[in-house]
Amino acid sequence: MMMTVTQEAPTIRPVIKSEISELCQLRLEALQNEPEAFSRDYATDRNNSPAAWEKWLGQRSDGTSGIIFVACADDQLAGMMGIARGCTAKTLHSGFIWGVYVRPGYRRQGLARQLMEACIEWAHERGVEIVKLGVTNTNVAAIRFYAACGFHVYGIEPKALWYNDRYYDELLMVREI
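In this report, we go over the structure that sits alongside the text. What you are looking at is a predicted structure, and each value in this text was computed from that prediction instead of being measured.

### Re the layout of surface pockets
- The calculated volume of the largest pocket comes to roughly 1100 Å³.
- Surrounding the largest pocket, 37 residues form its lining, Val100, Tyr101, Asn139, Ala142 and Tyr146 being those nearest its centre.
- The set of elements that each furnish at least two residues to the lining of the largest pocket consists of α3 (50-60), β4 (94-102), α4 (111-125), β5 (130-136), α5 (140-148) and β6 (152-163).
- Among the elements that line the lining of the largest pocket, the one with the most residues is β4, at 7 residues.
- Of the residues belonging to the lining of the largest pocket, the class tally is 20 nonpolar, 7 polar and 10 charged.
- In this structure, the second largest pocket spans a volume of roughly 160 Å³.
- As for the second largest pocket, its lining consists of 13 residues, and the residues nearest its centre are Pro35, Arg40, Asp41, Tyr42 and Tyr163.
- Where the lining of the second largest pocket is concerned, the elements lending two or more residues are α1 (20-33), α2 (42-45) and β6.
- Counting residues per element, the lining of the second largest pocket draws most heavily on β6, at 3 residues.
- Taken together, the residues that form the lining of the second largest pocket break down as 8 nonpolar, 2 polar and 3 charged.

So, in structure tokens, the structure goes:
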């Protein structure tokens, strides 16, 4: 049985620049704990400079082309989810969910659902009509979660990731909003 950590009601909000260090630690934890779920790699990203992390955050959370939402509980970041919007006139109607991670002690408390709702609301407010994501075909819990959030599989990217001497296919999922 998983132990629940939360003692206070969590909040969902956009990440703020002063949290860059904590967000980077959360991201590195995600890459280390769930390496087959991310195309980025812990061994590479742990060596990023503070300036590189700041650039990474700025590119993904300017509020216009993308944003990162965080779940805050017990005075720490308990989870994160990003959404990026298409960057050309022909793709502004679409968005992409990325970087989904909730710390193990905070799972099964609805944080991922709240993060998803925040991303979908952000997208809807900007006229985004369709949101996509990719999920490793072996991540059954994530696939179930995304399906429960209204996403369905529209394709498969074979051999999307190579990790630990194994290929992983990625299910491509979509939801209209």
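After presenting the structure, the write-up continues.
### A word on the packing of aromatic side chains
- A complete count under the given rule lists 3 aromatic pairs for this structure.
- On the basis of an interplanar angle of 55 degrees and a centroid distance of 5.4 Å, the ring pair of Phe145 and Tyr146 is categorised as tilted. Summarising the burial analysis for this pair, Phe145 and Tyr146 share the class buried.
- A network of ring pairs unites the aromatic residues Phe145, Tyr146 and Phe151 as a single cluster.
- Just above the ring of Tyr167 sits the side chain of Lys159; from NZ or CZ to the centre is 4.6 Å.

### Looking at the pattern of salt bridges
- Per the stated rule, a full pass over the model turns up 6 salt bridges.
- Put simply, Arg13 and Glu19 hold a salt bridge, and the shortest N to O gap is 2.3 Å.
- For Glu19, a relative accessible area of 10% puts it in the buried group.
- Put simply, Arg126 and Glu125 hold a salt bridge, and the shortest N to O gap is 3.6 Å.
- Using a relative accessible area of 27% as the deciding quantity, one classes Arg126 as partly exposed.
- Taking relative accessible area as the criterion, Glu125 reaches 54% and is therefore assigned exposed.

### Overview of unusual backbone geometry
- Positioned with a positive phi, Asp74 is a non-glycine residue whose angle comes to about 55 degrees.
- Note on placement: Asp74 falls in the loop between β2 (66-73) and β3 (76-85).
- For Asp74, a relative accessible area of 22% translates into the label partly exposed.
- For Asn164, which is not a glycine, the phi torsion comes out positive at approximately 55 degrees.
- Within the secondary structure layout, Asn164 lies in the loop between β6 and β7 (166-176).
- Judged by its relative accessible area of 63%, Asn164 falls in the exposed class.

### Things to note about the pairing of β3
- Most of β3 is tucked away, with 8 of its 10 residues classed as buried.
- Relative to β3, β2 runs antiparallel, the two being bridged by 8 bridges. By the bridge assignment, Val70 is partnered in β3 with Met80.
- Counted between consecutive antiparallel strands, the loop separating β2 from β3 contains 2 residues, among which Asp74 sits at a positive phi close to 55 degrees.

### Brief notes about the packing of α4 against α5
- Between α4 and α5, the least distance of the axes is 11 Å, while the angle of their chain directions is 50 degrees. Relative to α5, α4 is oriented oblique. For the pair α4 and α5, the crossing hand works out as right-handed. Between α4 and α5, the contacting residues are Ala112, Arg113 and Met116 on the first element and Phe145, Tyr146 and Ala148 on the second.
- Along the lines of polarity and charge, the residues of the contact of α4 with α5 split into 5 nonpolar, no polar and 1 charged.

About the cut-offs
- Position numbers for residues start from 1 in each chain and track the written sequence from start to end.
- Two thresholds apply to this predicted model, a pLDDT of at least 70 for residue-level local features and 80 or more for giving and counting side-chain atom pairs, whereas whole-chain, interface and lining totals are computed over all residues.
- To obtain the side-chain values, all non-hydrogen atoms of the structure were included, while hydrogens and water were left out.
- In this analysis the probe radius is 1.4 Å and the grid spacing 1 Å, with only protein atoms considered; a cavity is a set of points the probe fits into but cannot get out of, a pocket is an open set with protein on both sides within 12 Å along at least five of seven lines, and lining residues have an atom within 4 Å of a point.
- Grid points are joined across faces, edges and corners, and a volume is the space filled by probe spheres set on the points.
- Helix numbering and strand numbering both begin at the N terminus, where a helix is a DSSP run of H or I of at least 4 residues and a strand a DSSP run of E of at least 2.
- Classification convention: Asp, Glu, Lys, Arg as charged; Ala, Val, Leu, Ile, Met, Phe, Trp, Tyr, Cys, Pro as nonpolar; all other residues, Gly among them, as polar.
- Pairing of aromatic rings covers Phe, Tyr and Trp, the last through its six-membered ring, and needs centres within 6.5 Å; plane angles under 30 degrees mean stacked, over 60 mean edge-to-face, and all others mean tilted.
- Buried residues are those whose accessible area, probed at 1.4 Å on protein chains only, stays under 20% of the maximum for their type, while exposed residues exceed 50% and partly exposed ones sit between those limits.
- A ring is considered to have a charge above it if a Lys NZ or an Arg CZ atom is located within 6 Å of its centre and within 35 degrees of its normal.
- Basic side-chain nitrogens of Lys or Arg form a salt bridge, by our definition, when they fall within 4 Å of a carboxyl oxygen of Asp or Glu.
- Whether two strands pair comes down to DSSP finding at least two bridges between them.
- Only the stretch in contact is used when a helix axis is fitted, and all axes are lines through C-alpha atoms; the angle between N-to-C directions ranges over 0 to 180 degrees.
- Angles are sorted into four bins: roughly parallel if under 35 degrees, roughly antiparallel if over 145, roughly perpendicular if 65 to 115, and oblique for all others.
- Note on convention: near helix rotated counterclockwise from far helix by under a right angle means a left-handed crossing. Clockwise means right-handed.
- Note on contacts: a residue pair is in contact if any heavy atoms of the two residues lie within 4.5 Å.

Everything listed here is a matter of geometry and, on its own, says nothing about what the molecule does.
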